[in-house]
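The chain contents come next:
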Amino acid sequence: MPTSAEDLIAQDVGARLPGGVMEKTIAALALIWSLFQLWIASPLPFIFGFGVMNDTETRAIHLGFALLLAFLVFPARKSSPRDRVPITDGMLGLIACATSLYLFVMYEALAQRPGSLTTADFVTALIGLPLLLEAARRVLGLALPLIAIGFLVYSMAGQWMPGLLSHRGVQLDALANHQWITTEGVFGIALGVSTSFVFLFVLFGALLERAGAGHYFIQLAFSMLGHLRGGPAKAAVVASGLTGLISGSSIANVVTTGTFTIPMMRKVGFSAEKAGAVEVASSVNGQIMPPVMGAAAFLMVEYVGIPYVEIIKHAFLPAAISYIALLYIVHLEALKLGMEPIDAAKSKPWLVRLTGFAFGTLLVSGLSLAVYYGFGWLKPLLGDYTIVGVALILFITYIGLLKIAASHDPLPEEDPDAPLDSLPNTKAVLLSGLHYLLPVVVLVWCLMVERLSPGLSAFWGSIILAVIVLTQRPLLNWLRKDGKHDYGSFSDGCIDLREGLIAGARNMIGIGIATATAGVIVGAVSQTGVGLVLADLVEMLSMGNLLLMLILTAVLSLILGMGLPTTANYIVVSSLLAPVIVTLGQQHGLIVPLIAVHLFVFYFGIMADVTPPVGLASFAAAAVSKGDPIKTGLTAFYYSLRTAALPFLFIFNTDLLLIDVDWIHGIAIFIVSTIAMLIFAAATQGWFLTRNKWYEGVLLLLVAFTLFRPGFWVDMVVEPYQSSQPVELAQTLESLEPGSVIRMRVSGEDAVGKMREFSVLLSVPEGSSGQDKLDSMGIATYQQGSQTLIDVVGFASPAESAGLQFDQQIVDVRVPVERIRKEWAWIPALFLFGLVVWMQRRRVGVLTEKPKEVVLT
């Protein structure tokens, strides 16, 4: 296990740093890779009619760069030289790159003979696959390549597998074709997402960091929150969250912000383990915070089939709640340790803070509306010149923000050893770097308003960043009139841009290799049908219980996450288990949206970076704090219980994901869910107003659960559905409003020909009569004695989509009943909460009451 933060960072970007010609070669390759990705993401190929490539060609070039750089910068063994590249590694890198570029060079020929494998195709695949697995071993460790090898062996040895796992087996030439020559395996969706979306967002983060935004975020958070109880820890949460938005690696995030925040936390009284744990919990959670959520979020776009904007909408509420709760956990830790604010003079009354926050929110909202409607007015006015007009407005805004920055002193360099007796001025820090927010605004605007693709949005954000990196130094020198500070020259900006482009490419090596190797597993699943086998196996282990199924999935994600990066973990687990969870939920009458399942897997994949004994982010934090890594990991996992609880909650209460929720209801859900998570944090941390009694902790957990899932108790009092006779299906539908959901219990063969009894969910369509609604569903029935059987299922109808087939028996029909709203369960929960508050306030009063003076006579 690595013992230093530098070693852990080296695992992400390559531990080999050769000098001389090879150093320049590696830098040039990384630079060319970044420029290539910017080129294919831009509209320039279509404008000039040059360099237009399809998805397969771009994936081949993308993987070629990743493979070549992997062999050049990642040594084969720990004992391999770090200061030079052995000839064997260079040769292996070139051969691996050539096997990937084969699909680019031979694309036309391969397209003309789909499925017909030539000797050259076969040999290329047989060389490419082992070299890809070797690259994955170097970059990611043994776990992912071993899993991929296991699936390859399973593909070819299917006829020798025991009972449930047996299949007819795959010939070697068919496996080579499927995994390497087609887009079903290595060059599949996962690598496509890495090529189209992920690279540009990682590059965006690298350029933003190089521009100085990371340091700006840290100083801003520290100036705003440092004066509170446990202020440095709260600043670490906010700064790590902001950095996590733009960082593709939780380890890099820990080391980047932790070198400053962890020593600050230790100075105010946090132990080494707790300081490291706060940094780990906040850094890792950066990957769940929209709008940039790491590689897995972009994979969801393809796997779930919804726009990225929808992913952001569904992911926002749980992420925001999780971060607010982490701030509260830090506050509780500060109370336990009896901490006082660093600079009491800067501490303001709550009313002043609340007023300032409200004013800031209104200002931001007003500016947002002005920009939104302003651009909406400009578009029809400027017509074809809209882009030029917007560019001019952005440039004027940029110059204005730089003028503001030039009127303030630049931020001081980070110094963890400096005494903590004063804090930077919030206003001065805020105004010194407002121009860093401009590319983030452009990115969010393109994603959320213009609804551009994630790749094109990141491209425009990166272009704005490149302009800032190049020009901010000379422009600040020009705009600053007193000449007290030298910000650097244009050549310094060129160096920053070059290094940012190189850093972005090096950060992408691991993700490119991970997505390609995970494609082997996805290809094996699609070629052998093992997904259906595993579905039966997991369903058998869970005994049909959805909650147990979710627990098994969470445990599997954590175990795999010990050896796999988040992206690969997400691909493997979601490919195998997401459809099973959806199906199992449907069979038990619970609507489990696919996005909820994918976010569930994503959350637990991220949790693996925290979970001992192999939580690498915890080791990185311990390397900075000089604490015990296992204790740091355990404490970080304890702090992250809120993140582990959220996925289970939004599976059973999809309101948390803002699915089919209007904005007024959404605000109410946000407020109540935040309160519930704060109560959950107080219960798990053992402290609310004072130290909790055991029964108070139980009551707080009960209150939190009720606020999160009030329907649980209402369902126990009044059944949500009542049974109706299948023979009266048409009459039942006539009495139901369109949009209502009925539960239909069916017995017979399912989609793969197995006899089972299962449930389907069907929405009641529009119709003038019950029979019309039944016809719109695509169902025709007939009676056979006392049984109601399906006679016809309409093609492409809702019934066919739900899995209904000819000759299945309708066992039961359950229709929704009118009952009280589930939110009424909040009232007794809040009463219980009030009871806990009353009990603890009494104890606090007893503890703080001054003893009476005794006069001796």
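Model, not experiment: these values are computed from the prediction. (Residues numbered from 1 in each chain as written. Predicted model: local features only at pLDDT ≥ 70, side-chain atom pairs only at ≥ 80, totals over all residues. Heavy atoms only, no water.)

Caption draft 1: Region of interest: the overall build of the protein. The helix and strand inventory of the protein stands at 36 helices and six strands. Split into buried and exposed, the 857 residues of the protein put 53% on the buried side. Of the contacts formed within the protein by residues at least 6 apart in sequence, a portion of 76% connects residues at least 24 apart. In the structure as shown, the protein presents an accessible area of about 38,200 Å², 66% of it carried by carbon and sulfur atoms. (Helix = DSSP H or I, 4+ residues; strand = E, 2+ residues; numbered from the N terminus. Buried < 20%, exposed > 50% of the residue type's maximum accessible area, 1.4 Å probe, protein only. Contact = heavy atoms within 4.5 Å. Areas by Shrake-Rupley, 256 points an atom, 1.4 Å probe, with all protein chains shown as cover.)

Caption draft 2: Quick look at the packing of aromatic side chains. Summed over the entire model, instances satisfying the criterion amount to 20 aromatic pairs. Taking the centre distance of 5.0 Å and the plane angle of 55° together, the rings of Trp-33 and Phe-199 count as tilted. One end of the pair, Trp-33, is in helix α2 (residues 20-41); the other, Phe-199, is in helix α10 (residues 189-211), with 166 residues separating them in the sequence. Pair check on accessibility: Trp-33 and Phe-199 agree, each one buried. (Phe/Tyr/Trp six-rings, centres within 6.5 Å; stacked < 30°, edge-to-face > 60°.)

Caption draft 3: The nonpolar core, seen in detail. Core analysis: the largest hydrophobic core is formed by 205 residues, its most contacted members being Trp-33, Trp-180, Val-186, Ile-509, Ile-513 and Phe-650. Met-744, Phe-758, Val-760 and Met-777 belong to the second largest nonpolar core, which has 20 residues in total. (Core = buried A, V, L, I, M, F, W, Y, C linked by side-chain atoms within 4.5 Å.)

Caption draft 4: Expanded view of empty space enclosed by the protein. Summed over the entire model, instances satisfying the criterion amount to two cavities of 30 Å³ or more. Its volume calculated, the largest cavity comes out at about 100 Å³. Those elements that place two or more of their residues in the lining of the largest cavity are α30 (663-685) and α31 (694-708). With four residues, the single largest contributor to the lining of the largest cavity is α30. Classifying every residue of the lining of the largest cavity by side-chain character gives seven nonpolar, three polar and three charged. (1 Å grid on protein atoms, 1.4 Å probe; cavity = no way out; pocket = protein on both sides within 12 Å on 5 of 7 lines; lining within 4 Å. Points joined across faces, edges and corners; volume = space filled by probe spheres on them. Nonpolar A, V, L, I, M, F, W, Y, C, P; charged D, E, K, R; others polar.)

Caption draft 5: How the structure looks around α30. End to end, α30 covers 32 Å across 23 residues, agreeing with the expected 33 Å (1.5 Å per residue, within 8%). In the stretch just after α30, Gly-686 is the one whose phi turns positive, near 75°. (Expected span 1.5 Å × (residues − 1).)

Caption draft 6: Broad picture of unusual backbone geometry. Of note in this structure, Lys-626 is not a glycine but carries a positive phi near 65°. Along the chain, Lys-626 falls in the loop between α27 (616-625) and α28 (629-639). The exposure class assigned to Lys-626 is exposed, which follows from its relative accessible area of 70%. Of note, Asp-807 is a non-glycine position whose phi angle comes to about 75°, a positive value.

Caption draft 7: Spotlight on the packing of helix α7 (residues 119-140) against helix α22 (residues 490-528). Between α7 and α22, the least distance of the axes is 9 Å, while the angle of their chain directions is 130°. Of the possible angle classes, the one that applies to α7 and α22 is oblique. Here the hand of the crossing between α7 and α22 comes out left-handed. Contacts between α7 and α22 pair Leu-129, Leu-132, Leu-133, Ala-135, Ala-136, Val-139 and Leu-140 from the former with Ile-509, Gly-510, Ile-513, Ala-514, Ala-516, Thr-517 and Val-520 from the latter. Residue composition of the contact of α7 with α22, by class: twelve nonpolar, two polar and no charged. (Axes fitted to C-alpha atoms, helices over the stretch in contact; angles between N-to-C directions. Parallel < 35°, antiparallel > 145°, perpendicular 65-115°, else oblique. Left-handed = near helix turned anticlockwise from the far one by under 90°.)

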